[in-house]
Amino acid sequence: MIVVTTNAELNKIVDSQRSQNKIIGLVPTMGALHAGHASLVERSVRENDFTVVSVFVNPTQFNDKNDLKNYPRTFDADCDLLRSLGADAVYAPSVEEVYPEPDTRQFSYPPIDTVMEGAKRPGHFNGVCQIVSKLFMMVRPDRAYFGEKDFQQIAVVRAMTEALKLPVEIRPCPIVREDSGLALSSRNTLLTPDELQIAPNIYKTLRESLVYAQNNTVAETISFVITTLNAIDGLEVEYYEIVDGRTLQPVSSWEDSNDIVGCITVYCGHTPIRLIDNIRYKE
Ligand code: AMP
């Protein structure tokens, strides 16, 4: 496995692979890797000739300076894991390498990026598009792998890829969970043992809402999830929205779409740590 930190080195590797007609898979990450990331890498290794994993904590997608400062960084362990998974190259640049000058590009794909995370984290998706577009242009992957945990991110990246006519196929991958049901996240390492006990209630409640939804309206189901979770000491729902899985716009009835997903953000504990998750009601 080759570890590179500069664009020049990355270019060389990509040129060499391309000249041999190799199919390139890309897995963009911010490091602090866990089994969720590993599932994306494993799939890319299986489906492509050459897998590049980027490890870069992208400052432009953080709307909260403390979140950026506290974001876990475990580069050596990340490399050990990636090596064991058969990744071919790791691109781990410095902030200066990626942004030698401020990126002034503005990306906007309403209404997909104006709801939920887009509304609660101003500038977040603009930053995601800045880094993902740079990675796509530098790595020139045939396929790129993204986790469904960040459900809205996949829709935004798809919209960007289509708008810029970038020749890359976006492959979504299912959410990997702890045995407790908690969706794996790099931020879980910031949870205290007590918080780790209560956080699984998020997915437990989402699962219960699948049953509840069979005899209740969309509005009642939203209210069920929010009320159940807010009643648990240490959890506070920021939003719960039940949306069309393609447009990300709220549905008002279960008959509105064939593809319906519930997307949640919950603050957990005293720090607090912001956790996201989602569940599919209809597909
Ligand atoms: P991050 O390092 O948080 O930017 O995540 C990098 C990629 O891994 C994104 O496409 C995430 O959606 C994906 N990912 C993160 N957690 C999980 C998980 N629990 N299951 C599947 N994919 C995940």
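Before reading further, recall that the structure is shown in the block above.
Conventions and cut-offs
Residues numbered from 1 in each chain as written. Predicted model: local features only at pLDDT ≥ 70, side-chain atom pairs only at ≥ 80, totals over all residues. Heavy atoms only, no water. Helix = DSSP H or I, 4+ residues; strand = E, 2+ residues; numbered from the N terminus. Expected span 1.5 Å × (residues − 1). Buried < 20%, exposed > 50% of the residue type's maximum accessible area, 1.4 Å probe, protein only. Contact = heavy atoms within 4.5 Å. 1 Å grid on protein atoms, 1.4 Å probe; cavity = no way out; pocket = protein on both sides within 12 Å on 5 of 7 lines; lining within 4 Å. Points joined across faces, edges and corners; volume = space filled by probe spheres on them. Nonpolar A, V, L, I, M, F, W, Y, C, P; charged D, E, K, R; others polar. Axes fitted to C-alpha atoms, helices over the stretch in contact; angles between N-to-C directions. Parallel < 35°, antiparallel > 145°, perpendicular 65-115°, else oblique. Left-handed = near helix turned anticlockwise from the far one by under 90°.

Below, the discussion takes up helix α10 (residues 201–212). An α-helical turn contains 3.6 residues, so a residue and the one three or four places further along point in the same direction. Over its 12 residues, α10 runs 16 Å from end to end, which matches the ideal 16 Å to within 8%, given 1.5 Å per residue. Turning to α10, its buried residues are N201, I202, Y203, T205, L206 and S209. Considering only its buried residues, α10 is in contact with α9 (193–198), α11 (218–230), β7 (235–244), β8 (260–268) and β9 (273–282).

It is worth spelling out empty space enclosed by the protein at this point. Evaluation of the coordinates by the stated rule reveals one cavity of 30 Å³ or more. A volume near 50 Å³ is recorded for the largest cavity. Surrounding the largest cavity, K149, L182, A183, S185, N188, I202, L275, I276 and D277 form its lining. When residues of the lining of the largest cavity are assigned to their parent elements, the largest contribution, three residues, is made by β9. Per-class residue counts for the lining of the largest cavity are five nonpolar, two polar and two charged.

Turning our attention to the packing of α10 against α11. Taken N-terminus to C-terminus, the directions of α10 and α11 make an angle of 150°; their axes are 10 Å apart at the nearest point. For the element pair α10 / α11, the angle class is roughly antiparallel. In this structure, α10 crosses over α11, and the sense of that crossing is right-handed. Packed against α10, whose contacting residues are N201, I202, T205, L206, E208, S209 and Y212, the element α11 presents E220, T221, F224, V225, T228 and L229 at the interface.

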